[in-house]
Amino acid sequence: MKSATPKVLHEICGRSLVGHVVAASRELEPQHLVVVVGHAREQVAAHLAQIDAKVRTAVQYEQNGTGHAVRMALEELGGTVAGTVVVVCGDTPLLTGATLRQLTGTHEADGNAVTVLTAEVPDSTGYGRIIRDEATGAVTAIVEHKDATEAQRAVREINSGVFAFDGALLADALKRVRTDNSQGEEYLTDVLGILREAGHRVGAAVGGDHREILGINNRVQLAEARGLLNARLLEQAMLAGVTVVDPASTFVDVTVTFGQDAVVHPGTQLLGATRVAEGAEVGPNTRLKDTSVGARARVDNTVADSAVIGEAANVGPFAYLRPGTNLGAKSKAGAYVEMKNATVGEGSKVPHLSYVGDATIGEYSNIGAASVFVNYDGEHKHHTTVGSHCRTGSDNMFVAPVTIGDGAYTAAGSVITKDVPAGALAVARGQQRNIEGWVARKRPGSAAAQAAQSAVQPAADEV
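Below is a summary of the structure that appears in this document. As the structure is a prediction and not an experimental result, all values here were calculated from the model. (Residues numbered from 1 in each chain as written. Predicted model: local features only at pLDDT ≥ 70, side-chain atom pairs only at ≥ 80, totals over all residues. Heavy atoms only, no water.)

Side note on the overall build of the chain
Check the secondary structure of the chain and you find 10 helices and 36 strands. For the chain, the C-alpha radius of gyration of 33 Å lies well beyond 23 Å, the compact-globule estimate for 463 residues. For the chain, the C-alpha atoms occupy an extent of roughly 120 × 50 × 40 Å along the three principal directions. In the chain, which comprises 463 residues, the share counted as buried stands at 44%. (Helix = DSSP H or I, 4+ residues; strand = E, 2+ residues; numbered from the N terminus. Rg over C-alpha atoms; globule rule 2.2 N^0.38 Å. Buried < 20%, exposed > 50% of the residue type's maximum accessible area, 1.4 Å probe, protein only.)

Structure follows, in structure tokens:
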């Protein structure tokens, strides 16, 4: 990956590569879930503790092959495990719980000692090849690409790296795995031959979609996997009743949820725990993270992070909702409005060109254009409260802490530094004074002076 970040911690669609594998594995409801860690194990273990506190880790201090890794996992569990043991790779983010259930179902129904998940791929370069008995079709071996003959490399059925084992037989066979191969490693795939030679049944379950087993080894493959997973998520949403106008320019995380008849317009990114409710419209050109969009709300050309947008609210275009923003039903945060840690009551509007920070606005109030809630004194943040049914003028500065009472008005151009009683009109601006002839005296010969002279001369001529 050429990165300071361990490979399995790279993310696609809001979840790390290993996080995707853990989530798919959890769908089997396993008694134990163990992740083998080696390179950058402290980082990986810390991440696993964050995403799934019940995951156990086994340390592979020396990377001596896949068989050795599985031995480390079994040792973490006491050396052997009764029942079925499923082994998956940590860099296969497209693998689904449904496919794992298919694998374990085939394994248990056929009474196999081991069942390998296989796939037919267009290009098998780099993968272990599945070698079958020509007469019976049974799996006889898995040959790694580096050790395969030319004839074996022509085989297109490949090993996914995903297996279901009888736990007791697996533990015994791992003790007999040799290292006489090109890498000098313990190959987990050698267990199949060991069990077969001992007279046990070795089977295979062919996956329905070979793309599920794609591993990630560079950033090109990471991007390809992201595209495939994003397309899968959007397809699921559309089949559930969501309109995605342009899937090619729409990106969602696995944790995003939708209500029926939601509409997503082009150029939209929905990230984290974002929820788009029934009939809401989001986009175009919108990025929402951990944001809740209420039913029938409209969000246009907006960036929002950890915000709540109420039912039938209207946001944008070009709005920025920062963490702690809570818009009530039928409220509005309009063009070029920024909000942070602000609660806006039902039906209240901040239509345009304003900053609302650390504030509470009641119901059905209107905040005039170009207003600023001055919340920071250089050291501390302070709160502003605007009551219900208020009308504040354009170009107002509300210097916190300050309270505007219910039903109060403020005049345009005012700097409000004191509380305004309910029903009062606050005017906080200097008296206008006109200085006649100032331009002619201070800017003689300028375009402004000439324009002023032209405007004055006709009036003088009429006199």
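What to know about helix α7 (residues 190–197)
When we look at burial in α7, the residues that qualify are Val191, Leu192, Ile194 and Leu195. Down the axis of α7, the smallest arc covering the buried residues is 165°, so these residues share one side. Residue Gly199 follows α7 closely and has a positive phi angle near 90°. (Arc of directions from axis to C-beta.)

Some remarks on the side chain of Ser25
Position of Ser25 relative to the elements: it lies in helix α1 (residues 17–26). In this structure, Ser25 is in contact with Pro30, Leu33, Val88 and Leu100, ignoring residues within four places of it in sequence. (Contact = heavy atoms within 4.5 Å.)

Here we look at the pattern of salt bridges
Where charged atoms from two side chains of opposite charge come close, those side chains can pair. By the definition in use, this model includes 15 salt bridges. Taking the shortest distance from any N to any O, the salt bridge between Glu157 and Arg132 comes out at 2.8 Å. With Glu157 in strand β9 (residues 157–166) and Arg132 in strand β7 (residues 129–132), this residue pair connects regions lying 25 residues apart in the sequence. With a closest N to O distance of 3.0 Å, Asp209 and Arg211 form a salt bridge. Residue class for Asp209 comes out partly exposed when judged on its relative accessible area of 28%. Overlapping salt bridges bring together Arg71, Glu75 and Glu186 as one network. (Salt bridge = Lys/Arg side-chain N within 4 Å of Asp/Glu carboxyl O.)

Some points on the nonpolar core
Grouped together as the largest cluster of nonpolar side chains are 54 residues, with contacts concentrated most on Ile309, Leu321 and Met339. Breaking this core down by element, the ones donating at least two residues are α8 (219–239), β24 (319–321), β26 (332–344), β27 (349–361) and β33 (402–404). Broken down by element, this core gets its largest block of residues, 6 residues, from α8. Sequence-distant contacts of Met339, defined by excluding residues within four places in its chain, comprise Tyr320, Leu321, Arg322, Thr325, Leu327, Ala333, Val344, Val350 and Val356. Residues Ala113, Phe163, Phe165 and Val191 belong to the second largest nonpolar core, which totals 24 residues. (Core = buried A, V, L, I, M, F, W, Y, C linked by side-chain atoms within 4.5 Å.)

Notes on the packing of helix α3 (residues 66–76) against helix α6 (residues 167–174)
Helix-helix packing is characterised by the crossing angle of the two axes and by the distance between the axes. In the contact formed by α3 and α6, the axes pass within 10 Å of each other and the chain directions differ by 125°. In terms of orientation, α3 lies oblique with respect to α6. Like other packed secondary-structure pairs, α3 and α6 cross with a definite hand, here left-handed. Residues Gly67, Val70, Arg71 and Leu74 of α3 form the contact with α6, whose own contacting residues are Leu170, Ala171 and Leu174. (Axes fitted to C-alpha atoms, helices over the stretch in contact; angles between N-to-C directions. Parallel < 35°, antiparallel > 145°, perpendicular 65-115°, else oblique. Left-handed = near helix turned anticlockwise from the far one by under 90°.)

Things to note about the packing of α6 against α7
For the pair α6 and α7, the least separation of the axes is 10 Å and the interaxial angle reads 105°. Looking at the two axes, α6 sits roughly perpendicular to α7. Judged by residue contacts, Leu169, Leu170, Ala173 and Leu174 of α6 engage Val191, Ile194 and Leu195 from α7. Residue classes in the contact of α6 with α7 are distributed as 7 nonpolar, no polar and no charged. (Nonpolar A, V, L, I, M, F, W, Y, C, P; charged D, E, K, R; others polar.)

Observations concerning α3
Those residues of α3 not exposed but buried are Gly67, His68, Ala69, Val70, Met72, Ala73 and Leu74. For α3, the elements touching its buried residues are β3 (34–37), β4 (56–59), β5 (84–87) and α6. Of the residues trailing α3, Gly78 is marked for its positive phi of about 100°.

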